[in-house]
Amino acid sequence: LGVLWMLTLSVRPLFDPDEGRYAEIPREMLVSGDWVTPRLNGVKYFEKPPLQYWATATLYSVFGKSEWTSRLWSAALGFLCVPLVYGFARRIGQSREVAAIGALALAINPYFVIVDHINLLDQAFTFFLVAAVFAFVLAQRGAQHSRSERRWMLLAWGSLALANLGSVLVWVS
C-alpha cells in the first residue's frame, strides 16, 4: 500500500499557487543555507510555521528537487495515519479485523488520499494532532501517575508541539 501511495506523487505538475509556494520556500532555504528565515522569491515569508519547510528542504537535499520530493513529507505523514489508526484500535482492545477495517476505511477515503497527495500543510497538522489525541486517550486509560501514563502524555505533548510547528497557524516573527 505504501508503494502505491507514493507512486503517483509526481504524475502531475505542482498546483499554483499553494503547492508552488510550499515547494519554493524550502528550495530557497536549501540554496541560501538559511534555515531560520523562510523566503519566497527572496522576500521574508513568515505566514506559515517552519516544520514543513525544514522537512521538505531536507528531502530535497537527500532526493533532489522534484514534484515527488516536494510532496513526500505530506504524503508520508498522511500515509502514516493509516498504521496509526490500526495501532490505536489494537491498543484500545479492538480485534485485528476491526483495526484493519478502520485503517482500510481511512486508506481508501478519496478525500483523504487526494489531500494527502497535495503539497499542503494540512497533513502534518492532521498526523501530529491525531497522534496527540490517541496518546492522550491512551494515557488516560492507564493507571494514574504510572510510568505508562507519563510516557503517553509526553508523546501527546510532543505531538502537540509538532502539530503547532506544522499547522496552518500564522507564527509571529
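Source: prediction; values computed, not measured.

Looking at the side chain of Gln-123
Following the sequence through the fold, Gln-123 ends up in helix H7 (residues 122-141). Setting aside residues up to four positions removed in sequence, Gln-123 forms contacts with Ser-74, Leu-77, Gly-78, Phe-112, Val-115 and Asp-116.

With respect to the confidence of the model for the chain
Detailed reading of predicted coordinates is not advised where the pLDDT is low. Residues with a pLDDT of 70 or more make up 96% of the chain, whose mean pLDDT is 92. When mean pLDDT is taken per element in the chain, helix H5 (residues 96-107) scores highest with 97 and helix H1 (residues 2-7) scores lowest with 87.

Details of helix H8 (residues 147-165)
Turn by turn, an α-helix covers 3.6 residues, leaving residues three or four places apart pointing in a common direction. With 19 residues, H8 should reach 27 Å at 1.5 Å per residue; the first-to-last C-alpha distance of 27 Å fits that figure. Those residues of H8 not exposed but buried are Glu-149, Met-153, Ala-156, Ser-159 and Ala-163. Along the axis of H8, the buried positions cluster into a sector of 125°, meaning they face one direction only. Exposed and facing more than 90 degrees away from the buried side of H8 are Arg-147, Arg-150 and Arg-151. Residues of H8 that are buried in the fold lie against H7.

Quick word on the environment of Ala-163
With respect to the element layout, Ala-163 can be found in helix H8. Owing to a relative accessible area of 2%, Ala-163 belongs among the buried residues under this scheme. Separated by 12 residues in the primary sequence, Ala-163 and Arg-151 place their C-alpha atoms 18 Å from one another.

Observations regarding the pattern of salt bridges
Side chains bearing opposite charge may pair, as long as their charged atoms lie close to each other. As enumerated under the stated definition, the model contains 6 salt bridges in all. Note that Asp-18 is salt-bridged to Arg-21, the shortest N-O span being 2.8 Å. Residue Asp-18 and its partner Arg-21 are both found in helix H2 (residues 18-32); the two are separated by 3 residues, about one turn of the helix. The residue Lys-48 makes a salt bridge to Glu-47 at a minimum N-O spacing of 3.9 Å. Residue classification places Lys-48 among the buried positions, given a relative accessible area of 13%. It is possible to trace a salt-bridge network through shared partners that takes in Arg-12, Glu-19 and Arg-71.

A short note on a nonpolar patch on the surface
On the surface, Phe-125, Leu-129, Val-133, Phe-136, Val-137, Leu-154, Trp-157 and Leu-160 cluster together into a nonpolar patch covering about 670 Å² of accessible area. If you list the elements that add at least two residues to the nonpolar patch, you get H7 and H8. For the nonpolar patch, the element with the highest residue contribution is H7, accounting for 5 residues. Structurally, Val-137 is set in helix H7.

Calculation notes
Residues numbered from 1 in each chain as written. Predicted model: local features only at pLDDT ≥ 70, side-chain atom pairs only at ≥ 80, totals over all residues. Heavy atoms only, no water. Helix = DSSP H or I, 4+ residues; strand = E, 2+ residues; numbered from the N terminus. Contact = heavy atoms within 4.5 Å. pLDDT = per-residue confidence, 0-100. Expected span 1.5 Å × (residues − 1). Buried < 20%, exposed > 50% of the residue type's maximum accessible area, 1.4 Å probe, protein only. Arc of directions from axis to C-beta. Salt bridge = Lys/Arg side-chain N within 4 Å of Asp/Glu carboxyl O. Patch = residues over 30% accessible without salt bridge, like charges linked within 9 Å, V, L, I, M, F, W, Y side chains within 5 Å. Areas by Shrake-Rupley, 256 points an atom, 1.4 Å probe, with all protein chains shown as cover.

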